[in-house]
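Here are the chains, one letter per residue:
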Amino acid sequence: MKLLVAGSAEVDAGKTTFTTGLIERTGIRGYKPRAGNGYWYDQDDYRRAVDEGRLYGKDAKRIAAANDGSVRPEALNPIHRLWLPTPGRGKGVLGRDGRRFVLDRVTDGDDTYVVNGDVEVPPAAERAFPLDEARRVDSLSELNAVMADRHAPALESLAERIAARSGAIVESYSDIARPLSEFTPDAVAVVEPRRCRVYDGERYGKACEVASGSAHEGRLEERVDNVVGLLDPAASVTLPALSSGERGDVATVATAYETAYDAVLDAA
């Protein structure tokens, strides 16, 4: 059984809480193919990882902890991006107003790094990672070429491992409809504050193909709202509000979201 968890809100949709509880409920391994964090907004996560000489975020860490056995976040999350706030600056290479891409960690066996040559890398990251060996990019076209050469094979490798498993739960990032273009789930949970909408996986995949991609952060991707606007949900379930302590206990989440998980499993 293959399941996808996506979010209709760009941040704080509740995807990872939902994913960790679903892992607890089903015993199926969870994955987060793409993730990122901000140097300013996620400073605690950044410092913890960099002190270990690694680059990963709290979402991948929570999913890794929810899985059975010992697994590194990097094994579940081959692409991780570090962002830097840049008030008053333009978008630059792969950026948005107010923030810019600093570097990517790409894991396909070994960890490699891609650095924005137009951004000053924070000193701790400069010391922690072998950035002298990293590929530096100065334009969107260069970055797209590197993504085709490094990012795409890493994601394809993960997709092959997922396909070989009897079960997998894949969590998307931001409000992107699917993090792996070749991944066809049996059911999809679209999570947002207070609500989970459940969709048939095959129909959701077809809607992704129909939805027009738009230039978004260096690649063509479907937004969740554009995809689900083409579909009727198989179920819509209200999610209860949970405290931070409750969200951190996967057994509590599994119980609190039982009705939503039942709907996802029924759809699968």
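Residues numbered from 1 in each chain as written. Predicted model: local features only at pLDDT ≥ 70, side-chain atom pairs only at ≥ 80, totals over all residues. Heavy atoms only, no water.

**Regarding the overall build of the chain**
Then, in step 1: Along the chain, the regular secondary structure elements total eleven helices and 14 strands.
Then, in step 2: Since a compact globule built from 268 residues should have a radius of gyration of about 18 Å, the 18 Å found for the chain is in line with a globular shape.
Then, in step 3: The principal-axis extent of the C-alpha atoms belonging to the chain is close to 50 × 40 × 40 Å.
Then, in step 4: For the chain, the proportion of its 268 residues judged to be buried stands at 50%.
Then, in step 5: Taking the contacts inside the chain whose residues are at least 6 apart along the sequence as the reference set, 65% of them involve residues at least 24 apart.
Then, in step 6: Taken as a whole, the chain presents about 12,300 Å² of accessible surface, with 45% of it coming from carbon and sulfur.
Then, in step 7: Averaged over its 35 positive side-chain charges, the chain has a centre that lies 2 Å from the centre of its 44 negative ones. (Helix = DSSP H or I, 4+ residues; strand = E, 2+ residues; numbered from the N terminus. Rg over C-alpha atoms; globule rule 2.2 N^0.38 Å. Buried < 20%, exposed > 50% of the residue type's maximum accessible area, 1.4 Å probe, protein only. Contact = heavy atoms within 4.5 Å. Areas by Shrake-Rupley, 256 points an atom, 1.4 Å probe, with all protein chains shown as cover. Lys, Arg positive; Asp, Glu negative; His and termini not counted. Charge placed at Lys NZ, Arg CZ, Asp CG, Glu CD.)

**Quick look at helix H11 (residues 258–267)**
Then, in step 1: Among the residues of H11, Ala-260, Tyr-261, Ala-263 and Val-264 are the ones counted as buried. Viewed along the axis of H11, the buried residues span an arc of 155 degrees, placing them on a single side of the element. Set apart from the buried face of H11 by more than 90 degrees, the exposed residues are Thr-259 and Asp-266.
Then, in step 2: Residues of H11 that are buried sit in contact with strand S1 (2–7), helix H1 (15–26), strand S10 (187–192), strand S11 (195–200), strand S14 (235–238) and helix H10 (250–256). (Arc of directions from axis to C-beta.)

**Considerations on the packing of H1 against helix H3 (residues 58–66)**
Then, in step 1: Contact geometry for H1 and H3: axes closest at 9 Å, N-to-C directions at 10 degrees. Taken together, the axes of H1 and H3 lie roughly parallel to each other. In this structure, H1 contributes Thr-16, Thr-17, Thr-19, Thr-20 and Ile-23 to the contact, and H3 contributes Asp-59, Arg-62, Ile-63 and Ala-66.
Then, in step 2: Taken together, the residues of the contact of H1 with H3 sort by class into three nonpolar, four polar and two charged. (Axes fitted to C-alpha atoms, helices over the stretch in contact; angles between N-to-C directions. Parallel < 35°, antiparallel > 145°, perpendicular 65-115°, else oblique. Nonpolar A, V, L, I, M, F, W, Y, C, P; charged D, E, K, R; others polar.)

**What to know about the nonpolar core**
Then, in step 1: One finds Phe-18, Ile-162, Tyr-204 and Val-227 to be the most contacted residues of the largest nonpolar core, which totals 51 residues.
Then, in step 2: With five residues, S10 is the single largest residue contributor to this core.
Then, in step 3: Contact partners of Phe-18, with chain neighbours within four places excluded, come to Val-5, Ala-189, Val-191, Cys-196, Leu-239, Tyr-257, Ala-260, Tyr-261 and Val-264.
Then, in step 4: Core analysis: the second largest hydrophobic core is formed by 15 residues, Val-50, Leu-55, Val-119 and Ala-125 among them. (Core = buried A, V, L, I, M, F, W, Y, C linked by side-chain atoms within 4.5 Å.)

**Here we look at the environment of Asn-37**
Then, in step 1: Within the secondary structure layout, Asn-37 lies in strand S3 (residues 34–38).
Then, in step 2: Residue Asn-37 is classed as buried on the basis of its relative accessible area of 5%.
Then, in step 3: With 79 residues separating them along the chain, Asn-37 and Asn-116 place their C-alpha atoms 15 Å apart.
Then, in step 4: Those residues within four positions of Asn-37 in sequence are excluded, and the remaining contacts are Asp-42, Asp-45, Tyr-46, Tyr-56, Gly-57, His-80, Arg-81, Leu-82 and Trp-83.

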